[in-house]
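Given next are the chains, with one letter for each unit.
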Amino acid sequence: MPTLTNEMMRSIIMDHSSKPNNKHNPPKDGYEMMHMHSDNCIDDINVYLLVENNIVVDACFEGVACTISMSSTDILCDLIKGKSKEDALYMIDQYHHMMHEENFDEEILEEANAFVNTSKQAARIRCATIGWNAAESILKEEK
């Protein structure tokens, strides 16, 4: 992935916030759900994953969220669809490494790299990780 400029990162974040592809209720039964909220922001979302035969078949979310939470959760959903549980968990782990300014695999994070500077605003880390934490919990608990 090419190096993202600040303008490109802003554009990615604003696009996914204003027109999230994955913000809707699950279209059928069988989804696992995790509710997440933040005491410091408006974030109050439900994340839904449909996992079949160890593959994340679908991912979506519903609720109220700030720009950072909305866009990061939307990107998360795009990235983990079609991935094995293990690959999705690896991607989530790499995202957390990025959030904590640790070495990470930027190639697999694709548009999620737009949040690389979030760690410089500690109050926004929770916003940028709320959906990712929900998906991680679902995938670790999913049978």
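Our structure is the block above this text.
In this text the structure is predicted, and so the values were computed from the model without any measurement. Residue positions are given per chain, counting from 1 as you read along its sequence in written order. Side-chain atom pairs in this predicted model are given and counted only at pLDDT of 80 or more, local residue features only at pLDDT of at least 70, and totals for whole chains, interfaces and linings cover all residues. Hydrogens and water molecules were not included; the side-chain quantities draw on all heavy atoms of the structure.

**Quick notes on the layout of surface pockets**
Which entries qualify depends on this criterion: Lining residues are those with an atom within 4 Å of a point, where the points come from a 1 Å grid over the protein atoms alone and group into cavities, where a 1.4 Å probe fits but cannot get out, or pockets, open sets with protein on both sides within 12 Å along at least five of seven lines. Grid points are joined across faces, edges and corners, and a volume is the space filled by probe spheres set on the points. Per the convention used, a helix needs a DSSP run of H or I reaching at least four residues, while a strand needs a run of E reaching at least two, with both numbered from the N terminus. Amino acids outside the nonpolar list (Ala, Val, Leu, Ile, Met, Phe, Trp, Tyr, Cys, Pro) and the charged list (Asp, Glu, Lys, Arg) are all regarded as polar, and Gly is one of them.
Counted as a void, the largest pocket has a volume near 280 Å³. Forming the boundary of the largest pocket are 13 residues, of which Arg 10, Ile 13, Ala 114, Asn 117 and Gln 121 lie nearest the centre. Contributing elements (two or more residues each) for the lining of the largest pocket: helix 1 (6-18) and helix 2 (67-80). Of the residues belonging to the lining of the largest pocket, the class tally is six nonpolar, five polar and two charged.

**Overview of the nonpolar core**
Basically, it comes down to this: Here, nonpolar core means buried Ala, Val, Leu, Ile, Met, Phe, Trp, Tyr and Cys residues that are tied together by side-chain atoms lying within 4.5 Å of each other. A simple rule labels every residue: compare its accessible area, found with a 1.4 Å probe on the protein chains alone, to the largest value its type can have, and call it buried under 20%, exposed over 50%, or partly exposed in between. Contacts are residue-level and defined by heavy atoms, with any inter-residue pair within 4.5 Å sufficient.
Counting residues in hydrophobic clusters, the biggest one holds 40 residues, and the most contacted among them are Leu 49, Ile 80, Tyr 95, Phe 115 and Trp 132. Ranked by residues supplied to this core, first place goes to helix 5 (residues 122-141) with eight residues. Residues in contact with Phe 115, not counting those within four places in the same chain, are Ile 13, Ile 68, Ser 71, Ser 72, Ile 75, Tyr 95, Met 98, Met 99 and Ala 128.

**Overview of the packing of helix 2 against helix 5**
Selection rule: For helices, the fitted axis covers only the stretch in contact; all axes are lines through C-alpha atoms, and the angles between them, taken along N-to-C directions, range from 0 to 180 degrees. For a crossing to be left-handed, the near helix must be turned anticlockwise from the far one by less than a right angle; the clockwise case is right-handed.
Close contact between helix 2 and helix 5 brings their axes to 8 Å; oriented N to C, the two are set at 35°. Between helix 2 and helix 5 lies a crossing of right-handed hand. In this structure, helix 2 uses Ile 68, Ser 69, Ser 72, Thr 73, Leu 76, Leu 79 and Ile 80 to contact helix 5, whose residues at the interface are Arg 124, Cys 127, Ala 128, Ile 130, Gly 131, Trp 132 and Ala 135. Split into classes, the residues belonging to the contact of helix 2 with helix 5 amount to nine nonpolar, four polar and one charged.

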